[in-house]
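Read off the chains here:
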There are 2 protein chains.
Amino acid sequence: MLACSTVCHRCLQVKATSADTNLSEPEAEPKARKLKASPQLKRWSRARALRSGHRLERPGHRGEALELKPRGQQTKEVDYSEHGQEGNDDDYGVYVATAKSIYMVSDGTGWTAEHSVSAALGQFDHCLVDRGCPVNTHLFSGIDDAEKLMAIIKQAAKEGAMVVYTLADPSMAESAKQACKLWGIPSTDILGPITEAIASHLGVSPSGLPRGASGRSSALSEEYFRRIEAVEFTIKHDDGALPQSLHKANIILAGVSRTGKTPLSIYLSQKGYKVANVPIVMGVDLPKTLFEVDPEKVFGLTINPIVLQTIRKARAKSLGFSGEARSSYSEMDYVRQELEFARRIFSQNPVWPVIEVTGKAIEETAAVILRLYHDRKHKCTMPRISKRY
Amino acid sequence: MLACSTVCHRCLQVKATSADTNLSEPEAEPKARKLKASPQLKRWSRARALRSGHRLERPGHRGEALELKPRGQQTKEVDYSEHGQEGNDDDYGVYVATAKSIYMVSDGTGWTAEHSVSAALGQFDHCLVDRGCPVNTHLFSGIDDAEKLMAIIKQAAKEGAMVVYTLADPSMAESAKQACKLWGIPSTDILGPITEAIASHLGVSPSGLPRGASGRSSALSEEYFRRIEAVEFTIKHDDGALPQSLHKANIILAGVSRTGKTPLSIYLSQKGYKVANVPIVMGVDLPKTLFEVDPEKVFGLTINPIVLQTIRKARAKSLGFSGEARSSYSEMDYVRQELEFARRIFSQNPVWPVIEVTGKAIEETAAVILRLYHDRKHKCTMPRISKRY
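About the thresholds
- Residues numbered from 1 in each chain as written.
- Chains lettered and ligands numbered in written order.
- Predicted model: local features only at pLDDT ≥ 70, side-chain atom pairs only at ≥ 80, totals over all residues.
- Heavy atoms only, no water.
- Pairing = 2+ DSSP bridges.
- Helix = DSSP H or I, 4+ residues; strand = E, 2+ residues; numbered from the N terminus.
- Axes fitted to C-alpha atoms, helices over the stretch in contact; angles between N-to-C directions.
- Contact = heavy atoms within 4.5 Å.
- Parallel < 35°, antiparallel > 145°, perpendicular 65-115°, else oblique.
- Left-handed = near helix turned anticlockwise from the far one by under 90°.
- Nonpolar A, V, L, I, M, F, W, Y, C, P; charged D, E, K, R; others polar.
- Buried < 20%, exposed > 50% of the residue type's maximum accessible area, 1.4 Å probe, protein only.
- Right-handed = clockwise from strand over helix to strand, strands pointing away.
- Expected span 1.5 Å × (residues − 1).
- Polar contact = N/O pair within 3.5 Å; in protein donor to acceptor, adjacent residues only side chain to side chain.
- Core = buried A, V, L, I, M, F, W, Y, C linked by side-chain atoms within 4.5 Å.
- Salt bridge = Lys/Arg side-chain N within 4 Å of Asp/Glu carboxyl O.
- Phe/Tyr/Trp six-rings, centres within 6.5 Å; stacked < 30°, edge-to-face > 60°.
- Lys NZ or Arg CZ within 6 Å of the ring centre and 35° of its normal.

The name that an unreviewed UniProt entry assigns to chain A is Pyruvate, phosphate dikinase regulatory protein, with the source organism given as Rubroshorea leprosula.

Below, the structure written as structure tokens:
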């Protein structure tokens, strides 16, 4: 097991001050942090940007010049293994390279912060792990008192991390903002601007209570039960099971093995749709019921044969297939024939949209399917998925 | 089937102008929109806020006074049924009451916008459907050209909607901002501020490409396969299945029927954790393997007996249970005894944390479990879940 990370609440020798008063500078490197943009740092940033193949100042970027504020920390590469931190995380691989940190702080689950940061990082794929500019995110959820909040922000300052936060309590949000400002930490309030815009739009003030705070009972809503039912339905109808009740599904996915039917079904079920998935296997008859249901709810999945073969080889290896089983599953001839077999079925059912999943993440394929699903319901092509809150 | 919604791309008689030039006023109610904050509107907003039991100007709200800018549309309650729009949506119930609209526009899947808006709406539970101030959200995903973008923003202006957007292409984001400004539509760029903060932190410009744009191949990453494997493992180990391979799970959930084990397992699996769940049924022995695995990965779930009975009654009804089966499942005595049976098992295994799920959404319970899971790995109490990008 690991030594405790430096931010550990038990181990940290910090008397965190109360939120609004007495914000002291964190101990580490106060001088370095006072450097704002020395010519050397600018050169360093530019060199780094050039190494990663991207110009720093993109003309027209969001209509504003991107103002870079390199801080002291940028000159120092933080080596986590040295800190004994994240050096041994089974889930996410061995952390040895230097990395920039992003602290995500939430008074709730933190999933909004995580989701938003992950989406924003999608804009930096050209310079993340593969290109030598890795980023470590650290999620701190359920942070509901000022003391914990300050301890985390202090640690962020030490580590040269940036801080993004979602804090429903306005005084907590303000404390985070002020502490980050004082300590020169770049920070972003993720939900504040949307919440304020919505407040203005509705003419109602936000409650200031984090989701899950006592007195909230939204968990047992109709929506909640609908989602649970959808997940349970989808699990029961995975991989061609229970073909007799296909008609009860909202969405039916059909495709050859390893087109991602299962994870896609599950993803959709969590959004409240009952999904069944039916495998297409060369030489095996599809269930009759698939052709008896409303064809508007059936979606075919297809994939590039070379990519499919790669995926199947990995699958065969992980399942320990050998000899004949392996070859008939992942050999190129077989892969092509099976895809052709699927193609013929799809062309005999022209109402089924056929979705190319090659290179798409599960979420992306799900977005395409739901767009089509809702468009068909409303007989429109403009993608619109509506919900009532 | 429905008549086409007014924003439908095919039906809309709009010659959308190109993004950067010639932004014309939308046809509907240009005069009303020029009203900025008439005394009448202010009174109306205040009255509405008072009706919903909340003061409009909360002192200290995020350190700034909440500036209300009621627009013309606020005086007119939009009746969707009148527009033939959403009036018949099977998934989300019949939309008859008046509602405010939020348009979510994305060049990608739109899930980030949806997630953020849903989280922000968590701050307005006190005035949504139940309290007579419903909100309709409309998600427009895959909006990758300026023409579609302008058609949507124009429609938002007509409908008196606010617009939130995630657009990776800086010129699209700028167009959205300018168009909303010109037409007096409140708008929020969800990812822009975080993306800019990250750019500044890393010293690298964002790519400006939406996720899923061609040339991106992140879908076939190790992370992707890990997630698929976790989902498949979790489905196979639902509801006590395959107890012989419990040791392969990262997380094992144990609890009586209807404590939400299945949807919770699935939710965690989508985050890349292999989860098995084991039902506790009075008088039935738990699988031996549950007591042979590392107890640090087992989590007990418990729930308030009254809430559990309510959930079970609904379940028994939906499954069509009758007579004895129904009573032994959802009668209060039985419910209490079974929870007591579970409690005894938990107390015999003191290393298992017992999590109270009453009133918690799946995501909230998941956050608690992952916090404990990661804390135990790192022998810390400060909740931190780290990832590398």
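A. Quick peek at the sheet that holds strand β3 (residues 162–166) of chain A. Taken in spatial order, the five strands of this open sheet run β4(A)-β3(A)-β1(A)-β2(A)-β9(B), and their pairing is mixed. Only two strands of the sheet have a single neighbouring strand rather than two, namely β4 (187–189) of chain A together with β9 (385–388) of chain B. Strand-to-strand twist in this sheet, taken as the mean axis angle between neighbours without regard to direction, amounts to 15°. Sheet topology places strand β2 (residues 135–140) of chain A next to β9(B); four bridges connect them, and they run antiparallel. Counted as the bridge partner of A:His138 is B:Ser386 from β9(B). Set on the sheet, helix α6 (residues 170–182) of chain A makes contact with β3 and β4 of chain A; between it and β3(A) the angle comes to about 170°.

B. Structural detail: the packing of helix α4 (residues 111–121) of chain A against helix α4 (residues 111–121) of chain B. At a minimum axis separation of 10 Å, α4(A) and α4(B) run at an interaxial angle of 155°. As far as their axial angle goes, α4(B) and α4(A) are roughly antiparallel. In this structure, α4(A) crosses over α4(B), and the sense of that crossing is left-handed. Residues A:Trp111, A:Thr112, A:His115, A:Ser116 and A:Ala119 of α4(A) form the contact with α4(B), whose participating residues are B:Trp111, B:Thr112, B:His115, B:Ser116 and B:Ala119. When the residues that make up the contact of α4(A) with α4(B) are grouped by side-chain class, the tally is four nonpolar, six polar and no charged.

C. Up close: the pairing of strand β3 (residues 162–166) of chain B. All names here are of chain B. Extensive coverage of β3 is indicated by the burial of five of its five residues. The alternating pattern of β3 places Met162, Val164 and Thr166 on one face and Val163 and Tyr165 on the opposite face, and all of these are buried. The pairing of strand β1 (residues 100–106) with β3 spans five bridges and is classified as parallel. Counted as the bridge partner of Val105 is Tyr165 from β3. Of the strand pairs in this sheet, β3 and strand β4 (residues 187–189) are connected by three bridges, and their pairing is parallel. Counterpart to Val163 in the pairing with β4 is Ser187. Where the polypeptide runs from β3 across helix α6 (residues 170–182) and back to β4, its parallel neighbour, the crossover connection is right-handed.

D. Spatial organisation of α6(B). Residue and element names in this part refer to chain B. For α6, which comprises 13 residues, the first-to-last C-alpha distance of 18 Å matches the rise-based estimate of 18 Å (1.5 Å per residue) to within 8%. Where α6 is concerned, the buried positions are Pro170, Met172, Ala173, Ser175, Ala176, Ala179 and Cys180. Here the buried face of α6 lies against α5 (146–159), β3 and β4. The N-capping residue of α6, defined by a side-chain oxygen 2.8 Å from the backbone nitrogen of Ser171, is Asp169.

E. Quick peek at the nonpolar core. If you look at the biggest cluster of nonpolar residues, it comprises 142 residues, and the most contacted ones within it are A:Ile251 and B:Ile251. B:Ile251 has contacts with B:Leu268, B:Tyr273, B:Lys274, B:Val275, B:Ala276, B:Lys297, B:Phe299, B:Ile369, B:Leu370 and B:Tyr373, leaving out every residue within four places of it along the chain. By size, the runner-up hydrophobic cluster in this structure holds 22 residues, among which are B:Tyr103, B:Ile153, B:Ala173 and B:Ala179.

F. Inspection of helix α13 (residues 332–348) of chain A at higher detail. For α13(A), which comprises 17 residues, the first-to-last C-alpha distance of 24 Å matches the rise-based estimate of 24 Å (1.5 Å per residue) to within 8%. Regarding α13(A), the residues found buried are A:Met332, A:Val335, A:Glu338, A:Leu339, A:Phe341, A:Ala342, A:Ile345 and A:Phe346.

G. View of the pattern of salt bridges. In total, this model carries 23 salt bridges over all chains according to the counting rule given. A:Glu114 is paired through a salt bridge with B:Lys387; the nearest N and O atoms lie 3.4 Å apart. Taken together, the positions of A:Glu114 in helix α4 and B:Lys387 in strand β9 put the pair across two chains. Of the two residues, A:Glu114 and B:Lys387, neither departs from the other in class, the shared state being buried. A salt bridge links B:Glu363 to A:Arg227, with the shortest nitrogen-to-oxygen separation between them at 2.8 Å. With B:Glu363 in helix α13 (residues 362–378) and A:Arg227 in helix α8 (residues 222–236), this residue pair bridges two chains. Taken together, the shared-partner salt bridges connect A:Glu114, B:Lys271 and B:Lys387 into one network.

H. View of the side chain of B:Asn277. As for its position among the elements, B:Asn277 is in strand β6 (residues 275–280). Beyond its immediate sequence surroundings of up to four residues, B:Asn277 is in contact with B:His237, B:Asp238, B:Asp239, B:Gly240, B:Leu253, B:Lys261, B:Thr262 and B:Ser265.

I. Expanded view of the packing of aromatic side chains. Applying the stated criterion to the full structure yields 14 aromatic pairs over all chains. Seen in terms of ring centroids, A:Tyr224 and A:Phe225 are 5.7 Å apart; in terms of plane orientation they differ by 75°. Their pairing is edge-to-face. The interplanar angle of 65° and the centroid separation of 6.4 Å between the aromatic rings of B:Phe346 and B:Trp352 together place this pair among those described as edge-to-face. Side by side, B:Phe346 and B:Trp352 carry an identical accessibility label, which is buried. Linked through ring pairs, A:Phe291, A:Phe346 and A:Trp352 together constitute an aromatic cluster. Directly above the ring of B:Trp111 sits A:Lys271, whose terminal nitrogen or CZ lies 3.7 Å from the centroid. Here the guanidinium or amino end of A:Arg312 rests over the ring plane of A:Tyr329, the centre of that ring lying 4.7 Å away.

J. Examining the environment of B:Ser171 more closely. Residues and elements named next belong to chain B. Position of Ser171 relative to the elements: it lies in helix α6. For Ser171, a relative accessible area of 38% puts it in the partly exposed group. Residues Ser171 and Gly208, spaced 37 residues apart in sequence, show a C-alpha to C-alpha distance of 9.2 Å.

K. Layout of the sheet that holds β4(B). Here we have five strands laid out as an open sheet, ordered β9(A)-β2(B)-β1(B)-β3(B)-β4(B), and mixed in their pairing. Strands with a single pairing partner mark the edges of an open sheet, and in this sheet they are β9 (385–388) of chain A together with β4 of chain B. Adjacent strand axes in the sheet meet at a mean angle of 15° when their direction is disregarded. Of the strands in this sheet, β1, β2 (135–140), β3 and β4 of chain B touch helix α7 (residues 192–202) of chain A, which is tilted by about 145° from β1(B).

L. Structural context of the pairing of strand β5 (residues 251–256) of chain A. Residue and element names in this part refer to chain A. A large share of β5 lies buried, amounting to six of its six residues. Here six bridges tie β5 to strand β6 (residues 275–280), and the two strands are oriented parallel to one another. If you follow Gly255 over to β6, its bridge partner there is Pro279. Where β5 lies against strand β7 (residues 298–302), three bridges are found, and the strand directions are parallel.

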